[in-house]
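Working through the structure, step by step
Residues per chain, in single letters:
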Amino acid sequence: MTSRPAGRLRVIRVPSASPTSTLAGAVADGLGRRDKRLPCRFFYDEAGSRLFEAICKLPEYYPTRTEEAILRQHASDIVAAAGSGVALSEFGSGSSRKTRIIIEALLERQERLVYAPIDISLEFLEKSARGLVNRYRRLWLTAIGGEYNDAIPHLPKHAGPRLILFLGGNIGNLDRDEAVGFLGRVGRDMAPSDRLLVGFDLLKPVDVIVSAYNDAAGVTAAFNKNLLARINRELGGKFDLDSFEHHAPFVEEFSRVEMRLVSRRDQIVRIAALGRTFAFSKGEPIHTENCHKYSVDGFKAVASAAELDVRESWTDERRSFGLAMLARRGRDTCRLKRPRPTFKATGRTNRRTLIADG
Ligand code: AVI
C-alpha cells in the first residue's frame, strides 16, 4: 500500500492478492475456459472510464440521469437520514459527478467533510479527486485505488456516523451471491450508526433496458470492445476489433442484460505477454458483464441476506431506479415477523417511498 500526501488529498493504492486481479491473470483464466469470460472491472482503464462517462450522457442510458434526479430532489432528506457530523465514502466513485450533490448537501450541514472515493481506475480517480479538492475548500479526501472487496478494510474510520455510497446501479454488475457477499462484508465493517446508500436499477419494459445497452451511436459497443483494445495495448494482444461484435440481450431467466463480444469468424488470437494463443469459433461469445435489474422485493431480499435493513428509500416518478438507505441489522431493528414490503406514496406525487420497511 502506498500513500502520497498532498495537502487535503491523499491517494492510497490497495493491492489485491488474487491471481486474477491483474489483467494478465484474468485474461489467461477467462479466455482459457470453455465458456470464455472477462471480468467487467477491466473495462475501466482511462479510455474505458471516458467511454463510460460518454455512456452516462447517452439518450438511451437512463440510469445515470434518473439516479441524479432522485439525488437532487432528495439530497437534504438523504443526508439528514445519515445523521450529523458525517464522513463520506464511496465504492465505484468514477468521476464523482453525482456525489457532488451529496457533498454539497453535507457541507450545508457541517463545517468540513472527509470523503474517501474508491475506484479501480487509479488515474481517473486521482484526476477527479484533484478536481474535488480544488472545488470544495472544506473537503479532505483520501482516494483509494483498488477493488471493492480489497478496499473495505481501508475505509477510513470516523468518530461519528459514516455514509457509504454504492451508487450508479453498480450492484447490478454483481451476481446475487457476490452482491450479498459484498454488502455483507461492508455491513460487518459498519458501526450501528453508519449508513450505506445503494442505487439499483429497477425492472422495466425490456425494450427500454435493451436500448440502454445497445445505443444507436455505438458507444456501449466501443466500451465493450475496449476490453480487447486494452488487451492489445497492455498485453501485446492481436485482437482485430472488427472481428468481434457487441451483443447485449436481456436474459429474462436472470433478470439481467448480458454483455458479450461475439466472434464473427473462426480465428486464433495471440497474446504476446501470455505467450499463448486462443481459438475462437464463429459465433462464440466472450461474456464480459452482467447488469442485473431488480424488483423491489428482490433488492430487499439481497439486503436482508446481507443482514442489512432498509431504513429509507427513494425512487422517481416512473419507478425506474431506486435508492435505499441501509443500516446494519441490530438488535433494535431485528424483528421476527416482518410485514411484506409494499410501495407507498408519501403524499406529494413526485416524492415516493419505494420500500416500506414494516
Ligand atoms: C457501471 N454499471 C452500473 C453499468 C451498468 O449499467 O451496468 C456499466 C455499463 N455497461 C454497459 N453500459 C453501462
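Residues numbered from 1 in each chain as written. Predicted model: local features only at pLDDT ≥ 70, side-chain atom pairs only at ≥ 80, totals over all residues.

Concerning the packing of helix H1 (residues 23–31) against helix H9 (residues 219–235)
Heads up, the rule is: Helix axes are fitted to C-alpha atoms over the stretch in contact, other axes to C-alpha atoms as well, and angles between N-to-C directions run from 0 to 180 degrees. Secondary structure elements follow DSSP: runs of H or I of four or more residues count as helices, runs of E of two or more count as strands, with numbering from the N terminus. Throughout this description, any angle smaller than 35 degrees is read as roughly parallel, any larger than 145 degrees as roughly antiparallel, any in the 65 to 115 degree range as roughly perpendicular, and the remainder as oblique. Crossings are sorted by hand: turned counterclockwise from the far helix by less than a right angle, the near helix makes the crossing left-handed, and turned clockwise it makes it right-handed. Contacts are defined on C-beta atoms placed from the backbone: any two residues whose C-beta positions lie within 7 Å are in contact. Throughout this entry, Asp, Glu, Lys and Arg are counted as charged residues, while Ala, Val, Leu, Ile, Met, Phe, Trp, Tyr, Cys and Pro are counted as nonpolar. The remaining residues, Gly among them, count as polar.
In contact at an axis separation of 11 Å, H1 and H9 are set at 125° when each is read in the N-to-C sense. The angle between H1 and H9 places the two elements in the oblique class. Helix-helix and strand crossings are classified by hand; for H1 and H9 the assignment is left-handed. Residues Leu 23, Ala 24 and Val 27 of H1 form the contact with H9, whose participating residues are Ile 231, Glu 234 and Leu 235. Across the contact of H1 with H9, the residue classes break down as five nonpolar, no polar and one charged.

Re unusual backbone geometry
Put simply, the test is: Between the buried cut of 20 or more and the exposed cut of 12 or fewer other C-beta atoms within 10 Å of a residue's own C-beta lies the partly exposed class, and all C-beta atoms are placed from the backbone.
The phi dihedral of Glu 307 falls on the positive side, at around 60°, and the residue is not glycine. Locating Glu 307 in the fold gives a position in the loop between helix H10 (296–305) and strand E14 (308–315). Under the C-beta neighbour-count criterion, Glu 307 is labelled partly exposed, with 16 such atoms within 10 Å. In this structure, Arg 319 is a non-glycine residue whose phi angle is positive, near 55°. Relative to the elements of secondary structure, Arg 319 occurs in the loop between E14 and strand E15 (321–328). Residue classification places Arg 319 among the partly exposed residues on the basis of 15 C-beta atoms within 10 Å.

Structural notes on the domain arrangement of the protein
Interfaces are often described in size by the accessible area the parts lose on coming together. Spelled out, the test is: All the domain ranges listed were derived from an automatic or database domain assignment.
Each assigned domain of the protein is listed with its residue range as follows: domain 1 (62–204 + 294–334) and domain 2 (218–292). On the side of domain 2, five residues touch domain 1, which itself brings five residues to the contact. Here the side of domain 1 that touches domain 2 is built from residues that sort into two nonpolar, two polar and one charged.

What to know about the site of the ligand
The line we're drawing: A residue counts as near a molecule or strand when its C-beta atom, positioned from the backbone, falls within 6 Å of it.
Taken together, Ile 55, Pro 63, Gly 168, Gly 169, Asn 170, Gly 172, Asn 173, Tyr 213, Thr 220, Glu 289 and Cys 291 form the complete shell of residues around the ligand. Grouping the amino acids of the shell around the ligand by side-chain chemistry returns four nonpolar, six polar and one charged. When residues of the shell around the ligand are sorted by domain, at least three fall in each of domain 1 (62–204 + 294–334) and domain 2 (218–292).

Examining the environment of Gly 131
On the secondary structure map, Gly 131 appears in helix H5 (residues 122–135). Gly 131 sits in the partly exposed class, given 14 other C-beta atoms within 10 Å. When the C-alpha positions of Gly 131 and Gln 110 are compared, they lie 21 Å apart, and in sequence the two are 21 residues distant.

A few points about the pairing of strand E11 (residues 267–271)
Selection rule: Strand pairing follows a simple DSSP-based rule, namely that at least 2 bridges must link the two strands.
Bridge count between E11 and strand E12 (residues 276–280): five bridges; the pairing is antiparallel. Bridging across to E12, Ile 271 finds its partner in Arg 276. Between E11 and the antiparallel strand that follows it, E12, lie four residues; Gly 275 among them carries a positive phi value of about 60°.

Some remarks on H1
Rules: By construction, the arc corresponds to the directions joining the helix axis to the C-beta atoms.
When H1 is considered as a whole, its buried residues turn out to be Leu 23, Val 27 and Leu 31. End-on view of H1: buried residues confined to an arc of 35°, all on one side of the axis. Contact partners of the buried residues in H1: H9, E11 and E12.

Looking at the environment of Ala 179
Tracing the sequence through the fold places Ala 179 in helix H7 (residues 176–189). The class of Ala 179 is buried, set by 24 C-beta atoms lying within 10 Å. Sequence separation between Ala 179 and Ala 303 is 124 residues, and the spatial gap between their C-alpha atoms is 8.6 Å. Sequence-distant contacts of Ala 179, that is, excluding residues within four places in its chain, are made with Ile 171, Leu 174 and Val 302.

Description of the nonpolar core
Just so we agree on the cut-off: Throughout this description, the term nonpolar core refers to a group of buried Ala, Val, Leu, Ile, Met, Phe, Trp, Tyr and Cys residues whose C-beta atoms join them within 7 Å.
Counting 58 residues, the largest nonpolar core has Leu 88, Ala 303, Ala 324 and Leu 326 as its most contacted members. A total of six residues in this core trace back to one element, the largest contributor, which is E15. Ignoring sequence-local partners within four residues, the contact set of Ala 303 consists of Leu 183, Leu 308, Val 310, Ala 324 and Leu 326.

Considerations on the packing of H7 against H10
It is the contact of H7 with H10, at a shortest axis distance of 8 Å, that shows an interaxial angle of 50°. One way to sum up the angle between H7 and H10 is to call them oblique. As H7 packs across H10, the resulting crossing turns out to be right-handed. On H10, the residues that touch Arg 176, Ala 179, Val 180 and Leu 183 of H7 are Val 302, Ala 303 and Ala 305. When its residues are assigned to classes, the contact of H7 with H10 shows six nonpolar, no polar and one charged.

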